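A structural walkthrough
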Amino acid sequence: MKGLFITFEGPDGAGKSTQLGKLAEYLEEQKIPFIRTREPGGTDIGDMIRSILLDPSNGNLTHKTEVLLYAASRAQHVQEVIQPALEAGKVVLCDRFVDASIAYQGYGLDLSLESVKLINEFAINGISPDRTYMIDLPPDEGRQRMKSRHKPKQVDYELDRIEQKNLMYHQKVREGFHKIYEENKQRICLLDGSQSIDDIFQHIVQDFQHFYKTSTSVSNHEIM
Ligand code: ADP
């Protein structure tokens, strides 16, 4: 595999898509070929699965169905989008991946971590992130940001099925992310989401430059 697989993880409202967008702009300036994508979704089939997962009226979705749907969306995403882009030597910027399933379904829903990992291993064809930017933020702050983000555009904005879960669930998810970080310090760069957008991005871009330069798997494209 010639490309670089970069994921962004953390709770809703932490700033993942903001930072992913800034890194995308940087890659564009540097003329580094890349794609940006997200989960759940990232493909037509994945977007259909996403709407089932996030629809607030699907309150009776079982926990096991939830894990399997995320993994199904991911399997399609890996095979249709991520793997081909990596094989073409591109940088793949992806908003959420397997860590999110371990945090939200494993830790958040108290499902067996072993099972969640196993189901996901089956889905991802051995494709795993080279580097992960994990943004940490207390759940109530993330929720506040989500609400203010949607207000101007959509007066009747309703939180999605996952966002609607109570703060205790989101606290378990946050602790789950911390445990994932502790177990994967080599791969994960942990960032404090309460810093300013520009300060967080400074950390990310410096880390990325270093990581990109030292990564032997990517063609030796010069960056500044
Ligand atoms: P996520 O993708 O993690 O759900 P977003 O990037 O969409 O989060 O950010 C959610 C909201 O919070 C947006 O309105 C965004 O402008 C704002 N935001 C993002 N990062 C920060 C930050 N570091 N400080 C303050 N507000 C932020």
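Quick look at the structure, then. Each chain has its residues counted from 1, running along the sequence as written. Side-chain atom pairs in this predicted model are given and counted only at pLDDT of 80 or more, local residue features only at pLDDT of at least 70, and totals for whole chains, interfaces and linings cover all residues. To obtain the side-chain values, all non-hydrogen atoms of the structure were included, while hydrogens and water were left out.

All right, on to the overall build of the protein chain then. The helix and strand labels rest on DSSP assignments: H or I over at least four residues marks a helix, E over at least two residues marks a strand, and numbering proceeds from the N terminus. When its secondary structure is counted, the protein chain shows 8 helices and 5 strands. Beginning at the N terminus, the succession of helices and strands in the protein chain can be written as β-α-β-α-α-β-α-α-β-α-α-β-α. A globule of 224 residues ought to have a C-alpha radius of gyration of about 17 Å, and the protein chain, at 17 Å, matches this closely. Taking the principal axes of its C-alpha atoms as reference, the protein chain extends roughly 50 × 40 × 35 Å. Three exposure classes are used, based on accessible area relative to the maximum for each residue type with a 1.4 Å probe and protein chains only: buried under 20%, partly exposed in between, and exposed over 50%. When the 224 residues of the protein chain are sorted by exposure, 50% land in the buried category. Only carbon and sulfur atoms are counted for the fraction: they give 51% of the accessible area of the protein chain, which is about 11400 Å². We count Lys and Arg on the positive side and Asp and Glu on the negative side, and we leave His and both chain ends out. Here the site of a charge means NZ on Lys, CZ on Arg, CG on Asp, or CD on Glu. Across the protein chain, 27 positive and 33 negative side-chain charges occur, with their mean positions spaced 1 Å apart. Computation of the radius of gyration draws on C-alpha atoms alone. For the globule rule, the value is 2.2 Å times the number of residues to the power 0.38. Here, Shrake-Rupley sampling with a 1.4 Å probe gives the accessible areas, and only protein chains in the shown set may cover a residue.

Turning next to the pattern of salt bridges. Salt bridges are defined by distance alone: a side-chain nitrogen of Lys or Arg within 4 Å of a carboxyl oxygen of Asp or Glu. Using the criterion set out here, one finds 10 salt bridges in the structure. Put simply, Asp-198 and Lys-22 hold a salt bridge, and the shortest N to O gap is 3.5 Å. Within this pair, whereas Asp-198 is found in helix α8 (residues 197-214), its partner Lys-22 is found in helix α1 (residues 16-29), the two being separated by 176 residues in sequence. Looking at Lys-22, the relative accessible area reads 22%, which means it is partly exposed.

Once that is clear, we can look at the packing of aromatic side chains. Under the pairing criterion, centres of Phe, Tyr and Trp rings, with the six-membered ring standing for Trp, must be within 6.5 Å; the plane angle then separates stacked pairs below 30 degrees from edge-to-face pairs above 60, leaving the rest tilted. Scanning the entire structure with this criterion turns up 6 aromatic pairs. Consider the rings of Tyr-104 and Tyr-169, whose centres lie 6.4 Å apart with planes at 50 degrees: the pair is tilted. Taken together, the residues span a long stretch of sequence, with Tyr-104 in helix α4 (residues 98-107) and Tyr-169 in helix α7 (residues 167-183) at a distance of 65 residues. By relative accessible area, which is 5% here, Tyr-104 ends up buried. When the centroid spacing of 5.9 Å and the interplanar angle of 85 degrees are considered together, the rings of Tyr-104 and Phe-177 count as edge-to-face. Separated by 73 residues along the polypeptide, Tyr-104 in helix α4 and Phe-177 in helix α7 bring together distant segments of the chain. Ring pairing ties together the aromatic residues Tyr-26, Phe-208 and Tyr-212, which thus form one cluster. In this arrangement the basic side chain of Arg-74 is found over the ring face of Phe-97, its NZ or CZ atom lying 5.4 Å from the centre. A ring is considered to have a charge above it if a Lys NZ or an Arg CZ atom is located within 6 Å of its centre and within 35 degrees of its normal.

Let us look at unusual backbone geometry. Glu-39 connects to Pro-40 through a cis peptide bond whose omega is -10 degrees. Tracing the chain through its elements places Pro-40 in the loop between β2 (34-38) and α2 (44-54).

What follows deals with the sheet that holds strand β4 (residues 131-136). Picture the strands of a sheet paired through backbone hydrogen bonds; they go either parallel or antiparallel. Being paired, for any two strands, means DSSP has found at least two bridges between them. Read across the open sheet, the 5 strands follow the order β2-β3-β1-β4-β5; overall the sheet is parallel. Looking at strand neighbours, the two that pair on one side only are β2 and β5 (188-192), the edges of this open sheet. Neighbour-to-neighbour, the strand axes of the sheet open up by a mean angle of 15 degrees, direction not taken into account. Both strand β1 (residues 4-9) and β4 contribute to a ladder of 4 bridges, which runs parallel. Residue Phe-8 lies in a different strand from β4, and its bridge partner there is Tyr-133. Whether two residues are in contact is decided by their heavy atoms, any of which lying within 4.5 Å being enough. The axes used here are C-alpha line fits, helices contributing only the stretch in contact, and every angle between their N-to-C directions lies in the interval 0 to 180 degrees. Running over the sheet, helix α3 (residues 63-87) touches β1, β2 and β3 (91-95) and is turned about 160 degrees from β2.

Turning our eyes to something else, we now look at α3. How far a helix is expected to stretch is found by multiplying one less than its residue total by 1.5 Å. The end-to-end C-alpha distance of α3, which contains 25 residues, comes to 34 Å, matching closely the 36 Å that a straight helix rising 1.5 Å per residue would cover. Fitting axes to the seven residues that end at a residue and to the seven that start at it, the angle between those axes gives the bend at that residue. Val-78 marks where α3 bends most, by close to 50 degrees. Phi for Gly-89, located one or two positions after α3, is positive at around 85 degrees.

Below, the discussion takes up the packing of α1 against α8. The contact between α1 and α8 brings their axes to 10 Å, and the two run at 50 degrees. The angle between the axes of α1 and α8 places the two elements in the oblique class. Judged by the twist between their axes, the crossing of α1 over α8 is right-handed. For the pair α1 and α8, the contacting residues are Thr-18, Gln-19, Lys-22, Leu-23, Tyr-26 and Leu-27 in the first and Ile-197, Asp-198, Ile-200, Phe-201, Ile-204, Val-205, Phe-208 and Gln-209 in the second. Here the contact of α1 with α8 is composed, by residue class, of 9 nonpolar, 3 polar and 2 charged. When an angle is under 35 degrees it counts as roughly parallel; over 145 it counts as roughly antiparallel; between 65 and 115 it counts as roughly perpendicular; any other value is oblique. Take the far helix as your reference; a near helix turned counterclockwise from it by less than a right angle gives a left-handed crossing, and one turned clockwise gives a right-handed crossing. The nonpolar class holds Ala, Val, Leu, Ile, Met, Phe, Trp, Tyr, Cys and Pro. Asp, Glu, Lys and Arg form the charged class, and all remaining residues, Gly among them, are polar.

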